[in-house]
Amino acid sequence: MNRRDFLATTALTSAAVATGIVTMAMTEQPATYKRPVIICKATGVQGMDAAYDMLRNGQDTLDAVLHVCKVQEDDPNDDSVGLGGLPNEDGVVELDACCMHGPTRRAGSVGGVRNIKNVGLLAKAVMEHTGHVMLVAEGAERFATAMGFSKENLLTERSRKIWLLWKETHSDKDWWGPGVADPNWKPPVQAPRSRSVPQSGKDLEARIRDLEPVAAELGIEPEFRREAIYRVLFPPTGTIHVSAVNEKGEMSGATTTSGLAWKLAGRLGDSPIIGAGCYTDQDVGSAGATGSGEENIKVAGAHTIVENMRKGMPPKEAGMDALQRIAHNHNNDMAHLRYLDMVYYILRKDGAYAGVALWGGSAEHPRSFAVHDGTKRVEKCAYLFEGTSIDWPPTPRLPETAK
Ligand code: ASP
């Protein structure tokens, strides 16, 4: 199982546990659609019922969308968003978010924010209380304090220990981990040890066995140890995007994330970029993304999809076109594309929707998205390529199917 499968599994497992819902094929889109509708990443199911009620009760679409984001940001066990997000390579959690409000055609965004967990709401505050669209880093934090957001350490003990496990085991050519003076120090077997993710089950088991004593030494609870090791071997991407339309056809969208685990300090992904991580046009629809942020920025994915819908493409085709642009940027070379991943969440103003993915996932763990139109469910994404992606960093070997 690769990282994305693993994450999809954990996301869906917790989603299924929380809701008792199972993943189903994408609903055939009827000629007329229901409204309200909320669409989001499958991890967002926790907050969807309340958000749907907010829409039914006439509350603003952006508030409903940000409610779904906030539930994940507040959850210390969601380690890719808000509190408990996995940190950058320095062990510091840096969050990104953006939002768009259809009815007033406004946008807000924040990037590289430390110590403030509800960055979705902070993006909204930038939209409502400044003449700007985007604030980053220290300036965004000072603005948050001025707006009354409380500061807290976002690095939970659990995320800190996973980071430390990564730090101590990702390389044996630096000063991290027990040094030469440690009685248990052993010279590296291979120099340097490859950081690449093992592909075969046998390699994987050996790597897990290597990490187990270090995880124990760091005080990671036995019942969480294997999961922590998986997060080191397959650093999670996370992110949640949420789009919604109410009965009147008003729309909003938002995306929030802690970005890529172990990223370089200061790295911004696609999530805070209006037009990449999220784009909402009150005349047309709303779209957002999770996955390889750098790739999505280059095709301005969410904006491309909304523009495609403006020209008449149905949501699924609009999304597939954006995925094809990513493939085109790599000359459709599967040796590259195997290492990329992307999911788009798409909602048209009339309530038609689609989730599309670069890779379909495995039979047991298909790429999926959550939708609520009166019935909350998880549906399978349409996809461009059959199979699963390979995690970054890559191994030199390619599976047979990719050759
Ligand atoms: N798109 C996010 C980023 O690049 C990662 C993710 O979706 O998991 O920061």
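Before reading on, note that the structure itself is shown above.
Residues numbered from 1 in each chain as written. Predicted model: local features only at pLDDT ≥ 70, side-chain atom pairs only at ≥ 80, totals over all residues. Heavy atoms only, no water.

Caption draft 1: Molecular detail of helix 3 (residues 61–74). Over its 14 residues, helix 3 runs 20 Å from end to end, which matches the ideal 20 Å to within 8%, given 1.5 Å per residue. Of all the positions in helix 3, only Thr61, Leu62, Ala64, Val65, Leu66, Val68, Cys69, Gln72 and Glu73 are classed as buried. In this structure, the buried side of helix 3 is in contact with strand 2 (37–41), helix 2 (45–56), strand 3 (95–101), helix 4 (119–129), strand 6 (240–245) and strand 7 (251–257). N-cap assignment for helix 3: the residue whose side-chain oxygen lies 2.8 Å from the backbone N of leucine 62 is aspartate 60. (Helix = DSSP H or I, 4+ residues; strand = E, 2+ residues; numbered from the N terminus. Expected span 1.5 Å × (residues − 1). Buried < 20%, exposed > 50% of the residue type's maximum accessible area, 1.4 Å probe, protein only. Contact = heavy atoms within 4.5 Å. Polar contact = N/O pair within 3.5 Å; in protein donor to acceptor, adjacent residues only side chain to side chain.)

Caption draft 2: Inspection of the pattern of salt bridges at higher detail. In the structure shown here, the tally under the stated rule is 24 salt bridges. Salt-bridge contacts for lysine 124 lead to aspartate 63; the nearest nitrogen and oxygen are separated by 2.9 Å. Residue lysine 124 is found in helix 4, and its partner aspartate 63 is found in helix 3; the two are separated by 61 residues along the sequence. Residue classification places lysine 124 among the buried positions, given a relative accessible area of 17%. Residue aspartate 63 is classed as partly exposed on the basis of its relative accessible area of 28%. Taking the shortest distance from any N to any O, the salt bridge between lysine 70 and aspartate 74 comes out at 2.6 Å. Taken together, the residues span about one helical turn, with lysine 70 and aspartate 74 both in helix 3 at a distance of four residues. Residue classification places lysine 70 among the partly exposed residues on the basis of a relative accessible area of 31%. Taking the relative accessible area as the measure of exposure, aspartate 74 reaches 25% and is therefore partly exposed. (Salt bridge = Lys/Arg side-chain N within 4 Å of Asp/Glu carboxyl O.)

Caption draft 3: Inspection of the packing of helix 10 (residues 301–310) against helix 11 (residues 315–329) at higher detail. At their nearest, the axes of helix 10 and helix 11 sit 8 Å apart, and the two run at 135° to each other. With respect to helix 11, the element helix 10 is oriented oblique. The interaxial crossing formed by helix 10 with helix 11 has right-handed handedness. Here Gly301, Thr304, Ile305, Asn308 and Met309 of helix 10 lie close against helix 11, whose contacting residues are Pro315, Ala318, Gly319, Asp321, Ala322 and Arg325. Among the residues forming the contact of helix 10 with helix 11, the class breakdown is five nonpolar, four polar and two charged. (Axes fitted to C-alpha atoms, helices over the stretch in contact; angles between N-to-C directions. Parallel < 35°, antiparallel > 145°, perpendicular 65-115°, else oblique. Left-handed = near helix turned anticlockwise from the far one by under 90°. Nonpolar A, V, L, I, M, F, W, Y, C, P; charged D, E, K, R; others polar.)

Caption draft 4: Examining the sheet that holds strand 9 (residues 285–291) more closely. On the basis of which strands lie adjacent, the open sheet formed by five strands has the order 8-9-10-11-14 and mixed pairing. Because the sheet does not close on itself, it has two edges, and the strands there are strand 8 (278–281) and strand 14 (382–385). For this sheet the average axis-to-axis angle between neighbouring strands, irrespective of direction, equals 15°. With five bridges connecting them, strand 10 (residues 342–348) and strand 11 (residues 353–359) associate as antiparallel partners. Bridge pairing in strand 11 links tyrosine 345 to glycine 355. The strands touched by helix 10 within the sheet are strand 8, strand 9 and strand 10, with strand 9 carrying the most contacts at an inclination of about 145°. (Pairing = 2+ DSSP bridges.)

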